[in-house]
Structures are given as C-alpha cells and as structure tokens.
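Architecture at a glance
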Amino acid sequence: MDALLLPFRWIYRGLVWFANSPRTLIISYLLMIVVAGVLYSHAEHKSAADSVWWAVVTASTVGYGDISPTSFAGRFLAALLISTMVLLVIPLITAHFASRLIVDDDAFEHAEQEELKADVRRLRALVEEMAARQGIDLPEPERAEPVSGPGSPAPPWERRHRRRRRR
C-alpha cells in the first residue's frame, strides 16, 4: 500500500515546496506562459507575440475571443493551460499570500514553547517535592489519549483495514 501512495507523497511534498516559494511560483507561471505560447504558435501557426498574448489571456481565464484555437492540439493545450492555472497555480499563489497576511503575532515560537515545557517540568518537580515533605499524595496527571489509540474510534479507512486483518 505504501508503494502505491509514494508518488502522491512526492507530489504533495513538491506542491508544498512549490507553494512556499513565491519566486518559484512566479517563475513557473512565466515559464508556463512562454511554453504554452511556443506550443500554441506551432500548433496554430501564429506569431510568437500573438501566441504569448493568447497564453496570458487563456491562463487568466479572461478569454477575449480575439485569438482562439481551431486545431485539436490547440484546444487541448488551452484546456491543459486553463486547468493547470485554475486548479493549481492561482490557488497556490492565493494561499501563499493569504498565509502571509494571516500571521498570529502572539503565537509562541518553538523556543518559547520548549522553555514553557521546561518551566512546567521544574514546577511539577517542586510541587512533588513539597507534597512529599508534607506527606500529601498527589493525583496522577491526566494524560491525553492518542487519537488513534485502542479505545478511540479509528477513521473509516483504518476500520476497514482492521476488519480485513481479523478475518
């Protein structure tokens, strides 16, 4: 099963890398426009300037209609360019800039979190020491159950997998 999911993991990691780099997003957008323009120029026998104009208009999904593909290759290229832009590039650019706008200035950084954990451990040790001196039994700290533990409900894909194992 892991072998089947491996390509999807690679694609996911590539998209995460791709989405977190504005330089890569912009370069890939420009590269797609140029490549689509060159391919359109060959498929439809148009000039380079008209082909790049067609690629920009098509990628932005404006579609003025002044230039449109007539061959199967041109239409396939248009469908591919529109799909890639609408389903991948534009959402990644939007998500990148939205994530930059939505920043919690009050959020703890990793070093601060580690410092707080260490402080809590020291406080717990002091409380336990003081309780031992006074002869007081402290209740055990409540531990959070793991989400996929034995008593918790498993996601549907794991439930089916467990049923198969039992048979």
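So, a few notes on the structure that sits alongside this text.

Glancing now at the side chain of T58. As for its placement among the helices and strands, T58 is situated in helix α3 (residues 48–59). Since its relative accessible area comes to 10%, T58 is described here as buried. A polar contact of 2.7 Å, which involves the side chain of T58, links it to the backbone oxygen of W54. Filtering out sequence-adjacent residues up to four positions away, T58 remains in contact with A78, L81 and I82.

Here the structure, examined in full by the defined rule, presents four salt bridges. Of the charged contacts, one joins E114 and K117 as a salt bridge, the two residues approaching to 3.4 Å between their closest N and O atoms. One end of the pair, E114, and the other, K117, are both in helix α5 (residues 110–134), three residues apart, so they sit about a helical turn from each other. Residue classification places E114 among the partly exposed positions, given a relative accessible area of 31%. A relative accessible area of 43% places K117 in the partly exposed class.

This part takes up the nonpolar core. Among the nonpolar cores identified, the biggest contains twelve residues, and these are I33, A36, Y40, W54, A55, A59, I67, L77, A78, L81, M85 and V89. Listing elements by their share of this core, those giving two or more residues are α2 (22–44), α3 and α4 (72–101). Of the residues forming this core, the biggest block, five residues, is contributed by α4. With residues up to four places along the chain from it excluded, the contact list for M85 reads Y29, M32, A59, I90 and P91.

A contiguous nonpolar surface patch, about 440 Å² in accessible area, is contributed by V52, W53, V56, V62 and Y64. Take Y64: it is sitting in the loop between α3 and α4.

For the pair α2 and α3, the least separation of the axes is 8 Å and the interaxial angle reads 125°. Overall, the two elements α2 and α3 adopt an arrangement that is oblique. Where α2 crosses over α3, the two elements pack in a sense that is right-handed. Only A48, S51, V52, W54, A55, V56 and A59 of α3 make contact with α2, whose side of the interface consists of I33, A36, G37, Y40 and S41.

Our focus in this paragraph is α3. An α-helix turns once per 3.6 residues; consequently, residues spaced three or four apart project the same way. A rise of 1.5 Å per residue sets the reference length of α3, with its twelve residues, at 16 Å; its end C-alpha atoms lie 16 Å apart and thus fit the reference within 8%. Turning to α3, its buried residues number three or more, namely S51, W54, A55, V57, T58 and A59. Close packing links the buried residues of α3 with α2 and α4. Looking one or two residues past α3, T61 carries a phi angle of roughly 60°, positive in sign.

Take the side chain of T24 next. Mapped onto the elements of the fold, T24 is located in helix α2. For T24, a relative accessible area of 17% puts it in the buried group. What T24 contacts, discounting residues up to four positions off in sequence, is W17 and F18.

This paragraph deals with the packing of aromatic side chains. All chains considered together, the criterion is met by three aromatic pairs. Here the aromatic rings of W53 and Y64 are separated by 5.9 Å at their centres, their planes lie at 10°, and the arrangement is stacked. Placement of the pair is W53 in helix α3 and Y64 in the loop between α3 and α4, with a sequence separation of eleven residues. Exposure remark for W53: the relative accessible area of 39% places this residue in the partly exposed category. Here Y64 falls in the exposed class, since its relative accessible area comes to 55%. Taking 6.3 Å as the distance between ring centres and 25° as the angle between the ring planes, the aromatic pair formed by F72 and F76 counts as stacked. Pair noted here: F72 and F76 are both in helix α4, with a separation of four residues, about one helical turn. This pair shows no difference in class: F72 is exposed, exactly as F76 is.

About the criteria used
Residues numbered from 1 in each chain as written. Predicted model: local features only at pLDDT ≥ 70, side-chain atom pairs only at ≥ 80, totals over all residues. Heavy atoms only, no water. Helix = DSSP H or I, 4+ residues; strand = E, 2+ residues; numbered from the N terminus. Buried < 20%, exposed > 50% of the residue type's maximum accessible area, 1.4 Å probe, protein only. Polar contact = N/O pair within 3.5 Å; in protein donor to acceptor, adjacent residues only side chain to side chain. Contact = heavy atoms within 4.5 Å. Salt bridge = Lys/Arg side-chain N within 4 Å of Asp/Glu carboxyl O. Core = buried A, V, L, I, M, F, W, Y, C linked by side-chain atoms within 4.5 Å. Patch = residues over 30% accessible without salt bridge, like charges linked within 9 Å, V, L, I, M, F, W, Y side chains within 5 Å. Areas by Shrake-Rupley, 256 points an atom, 1.4 Å probe, with all protein chains shown as cover. Axes fitted to C-alpha atoms, helices over the stretch in contact; angles between N-to-C directions. Parallel < 35°, antiparallel > 145°, perpendicular 65-115°, else oblique. Left-handed = near helix turned anticlockwise from the far one by under 90°. Expected span 1.5 Å × (residues − 1). Phe/Tyr/Trp six-rings, centres within 6.5 Å; stacked < 30°, edge-to-face > 60°.

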